[in-house]
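These are the residues of each chain, in order.
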Amino acid sequence: MLKYCMFDTSCKNLLVRGVNWIGDSVMTLPALKALRKGLRGTKISLLVKPWVSAVFENNPDIDEIIPYGDMHKGFIGKIKLSRTLSKKKFCSALLLQNAFDAALLPFLAGVKERIGYNRDGRRFLLTNAISVPSSKMHQIYYYLNLVGQIGIKAEYSYPYIYLILDERLDARMRLKEMKRPILGINPGATYGSAKRWFPERFADVATWFVADTGGSVIIFGGKSEVDIADEIYKNINPEFRKTDTLLNVAGQTTLRELISLISECDVFLTNDSGPLHLAYALRIPMVAIFGSTDPRLTGPPPAVESQDNAVVVAPDIPCSPCFERSCKRNDMRCMYAVTSDDVYYGIKKVLPHIPAVFFDRDGTLCQDTGYINNMNDFHVFPEIENLNFLKEKGFKLVGISNQSGIARGLVDANFVQQVNSMFINQYGFVDFSYCPHHPDEHCACRKPEPEMLLRARSRHRINLKKSFVVGDKESDMLLAKSVGAKGILVQTGKLQESHHADFTAANLTDAVQWILNNTK
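Residues numbered from 1 in each chain as written. Predicted model: local features only at pLDDT ≥ 70, side-chain atom pairs only at ≥ 80, totals over all residues. Heavy atoms only, no water.

Undergrad: With reference to specific residues and values, describe the layout of surface pockets.
TA: In this structure, the second largest pocket encloses a volume near 610 Å³. If you go around the second largest pocket, you meet 21 residues; those closest to its centre are Lys465, Lys466, Ser467, Gly484 and Lys486. Along the lines of polarity and charge, the residues of the lining of the second largest pocket split into 8 nonpolar, 4 polar and 9 charged. (1 Å grid on protein atoms, 1.4 Å probe; cavity = no way out; pocket = protein on both sides within 12 Å on 5 of 7 lines; lining within 4 Å. Points joined across faces, edges and corners; volume = space filled by probe spheres on them. Nonpolar A, V, L, I, M, F, W, Y, C, P; charged D, E, K, R; others polar.)

Undergrad: Give a description of the sheet that holds strand 2 (residues 43-48) that names residues and reports values.
TA: Spatial strand order, 3-2-1-4-5-6: 6 strands in an open sheet with parallel pairing. Whereas interior strands pair on both sides, the edge strands pair on one side only; in this sheet they are strand 3 (64-67) and strand 6 (128-130). Adjacent strand axes in the sheet meet at a mean angle of 20° when their direction is disregarded. For strand 2 and strand 3, the ladder comprises 4 bridges, and the chain directions are parallel. Bridged to valine 48 within strand 3 is proline 67. Sitting on the sheet, helix 4 (residues 100-108) is in contact with strand 1 (13-17), strand 2, strand 4 (92-95) and strand 5 (113-117), with an inclination near 175° to strand 4. (Pairing = 2+ DSSP bridges. Helix = DSSP H or I, 4+ residues; strand = E, 2+ residues; numbered from the N terminus. Axes fitted to C-alpha atoms, helices over the stretch in contact; angles between N-to-C directions. Contact = heavy atoms within 4.5 Å.)

Undergrad: Describe in detail the pairing of strand 16 (residues 468-471), supporting the description with residues and values.
TA: The side chains of a regular strand alternate, first on one face of the sheet and then on the other. With burial as the criterion, each face of strand 16 is covered, one bearing Phe468 and Val470 and the other bearing Val469 and Gly471. In this sheet, strand 16 lies alongside strand 13 (residues 356-359) in parallel orientation, the contact comprising 3 bridges. Note that in strand 16 the partner of phenylalanine 359 across the bridge is valine 470. Inspection of the sheet shows strand 16 paired to strand 17 (residues 486-490) by 4 bridges, in the parallel sense. Across the sheet, the residue bridging to valine 470 is isoleucine 488, located in strand 17. Read as a crossover between parallel neighbours, the route from strand 16 over helix 18 (residues 474-483) to strand 17 is right-handed. (Buried < 20%, exposed > 50% of the residue type's maximum accessible area, 1.4 Å probe, protein only. Right-handed = clockwise from strand over helix to strand, strands pointing away.)

Undergrad: Just give me the short version of the sheet that holds strand 13, but keep the residues and values in it.
TA: Pairing is parallel in the open sheet, where 6 strands are placed in the order 15-14-13-16-17-18. What marks the edges here is a single partner per strand, and that holds for strand 15 (431-435) and strand 18 (503-505). Recorded for the sheet is a direction-independent mean angle of 20° between the axes of neighbouring strands. Pairing between strand 13 and strand 14 (residues 396-402): 4 bridges, direction parallel. Pairing of alanine 356 across the sheet is with lysine 396, part of strand 14. In the packing of helix 16 (residues 413-427) onto the sheet, the strands contacted are strand 14 and strand 15, and the crossing angle to strand 15 comes to about 155°.

Undergrad: Please give an account of the environment of serine 404 that cites residues and values.
TA: Along the chain, serine 404 falls in the loop between strand 14 and helix 16. Counting along the chain gives 33 residues from serine 404 to tyrosine 371, while the straight-line C-alpha distance between them is 8.5 Å. What serine 404 contacts, discounting residues up to four positions off in sequence, is Tyr371, Cys435, Pro436, His437, His438, Pro439 and Arg446.

Undergrad: Requested: an account of the pattern of salt bridges, with residues and values cited.
TA: When the charged atoms of two side chains with opposite charge come close together, those side chains can pair. The full count for this structure, using the stated rule, is 27 salt bridges. With its nearest N and O atoms 2.8 Å apart, the salt bridge here joins aspartate 360 to lysine 447. Taken as a pair, aspartate 360 in the loop between strand 13 and helix 15 (387-392) and lysine 447 in the loop between strand 15 and helix 17 (451-460) lie far apart in primary sequence, 87 residues in all. Exposure class is identical for aspartate 360 and lysine 447. Each is buried. Three or more residues are tied together by salt bridges with common partners; here these are Asp360, Asp368, Lys447, Asp472, Lys473 and Asp476. (Salt bridge = Lys/Arg side-chain N within 4 Å of Asp/Glu carboxyl O.)

Undergrad: How would you explain the state of the cysteines if you had to name every residue and give the values?
TA: As enumerated under the stated definition, the model contains 1 disulfide in all. Disulfide partner of cysteine 11: cysteine 91, at an S-S distance of 2.0 Å. As the torsion about the S-S bond is roughly 85°, the cysteine 11-cysteine 91 disulfide counts as right-handed. Placement of cysteine 11 in the segment before strand 1 and of cysteine 91 in the loop between helix 3 (74-87) and strand 4 is noted, with a sequence separation of 80 residues between them. For cysteine 11, a relative accessible area of 2% puts it in the buried group. Counting only cysteine sulfurs, cysteine 435 is the nearest neighbor of cysteine 366, a cysteine outside any disulfide, at a range of 17 Å. (Disulfide = S-S within 2.5 Å.)

Undergrad: Help me get a handle on helix 14 (residues 340-350), residues and values and all.
TA: Among the residues of helix 14, Ser340, Val343, Tyr344, Gly346, Ile347 and Val350 are the ones counted as buried. Down the axis, helix 14 shows its buried residues gathered within 155° of arc, on one side only. For helix 14, exposure combined with an orientation more than 90 degrees from the buried face picks out Asp341, Tyr345, Lys348 and Lys349. (Arc of directions from axis to C-beta.)

Undergrad: Can you break down the packing of helix 7 (residues 199-213) against helix 14 residue by residue, with the values?
TA: Where helix 7 meets helix 14, the closest approach of the two axes is 10 Å, and the angle between their N-to-C directions is 40°. On the basis of the axis angle, helix 7 is oblique to helix 14. Once helix 7 is placed against helix 14, the crossing between them reads as right-handed. Two secondary-structure elements touch here, helix 7 through Arg201, Asp204, Val205, Trp208, Phe209, Asp212 and Thr213 and helix 14 through Ser340, Asp341, Val343, Tyr344, Ile347 and Lys348. The residue inventory of the contact of helix 7 with helix 14, partitioned by class, reads 6 nonpolar, 2 polar and 5 charged. (Parallel < 35°, antiparallel > 145°, perpendicular 65-115°, else oblique. Left-handed = near helix turned anticlockwise from the far one by under 90°.)

By themselves these figures say nothing about function.
This is how it looks when you write it as structure tokens:
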């Protein structure tokens, strides 16, 4: 039987010590979300190194980011930081980082309750020392387990990085000359050479991609990976080394710019490194190459989303995974076993290519009578029959609806699912998603956040840049902008105009006609 160390839930000022690596930071996001859900009304401050803080920007689960920078190096620096923390009067500290230092700082700051895993010789610094899990698990669950062990419900959630609309638009503008689809390539791995696939094979895949799809390639990397990126660039077919088919930004981006640019890629190819985790938290279809490490521990998360959205290519050889920084055999057998054909097949498997039309529900497909909760109030617009013309042109029909009435206790979730199923069964929709959360939850799936569209892209291989969003609210138009789709405002709801709309339609008939007229 598990023994739980109960957290002082009366604490309204919690310090969380974050981790130091980009990928690990992404994998702590579900734990932070669980804390927020379990500690409503508590201020959550996150202490992290400046080079990972961009992962947490705009995240509604965090109230404050405290930088642990270079000025805090050495004993004097730690004393200064501990004094800063002491002034903030934290009543509890939860240590996601495993290091001795992570426990020392809140101890010096006089934080009354200090909770973390019992490891790295820091037991005497902790008031609540949690036993390290005895079995191996994905790193996401490792952090969630710590939250669960203090009596907080540690529900799994798929990591999500929040971007504001301007960040998405700036990245899109930077790539406006690049041909679609765009393949992002991340050839580096900070941990060591044993995790890096070969530059010439990345170049092979890039050349095939441009020749096969007519698209383009972006090479990413940190300042220490510029040479690797340059080698890939030089090995790509000279015919494709043009400004509209190849872009090398290695060493030229901040972390936040990197996140934004990755969000604009149609597919992503990566080693096991930080950008791998950024990509799945942005819901980008990806192929991930593993050699010396184990994807079951640090790969794309164990969830349906990953099965739809990610292909892991790993060798089936006895010495892999070895978890070494460099190959002790000096033959890199695991990476040689991963062929360019294997990788390109994976890219073709996840590459989105099908156009879709996304429809809001209430006020767009049916009358908006306000928190519809029975069939007497459910009235489909007769113009819905025109959607057949879209299906004939090869468009997938997908429903996306905010249903906060569920969280407010005004709408039954079973009724929502029943109605949504009608659109699938009677009108040929391939999918119909809804967000059941209250706006105050600031969830990733409530429009205009794009998660419902990104999830549909993964399930149905939808090319969002060739798709349309039809709705009667400003959130629908902002949603279209966030993913680069065309937004159509239908005047069958309360909103009659929007400067974010690409077109304003009187009804579904007008909307369908405009889509057909603007489809190549």
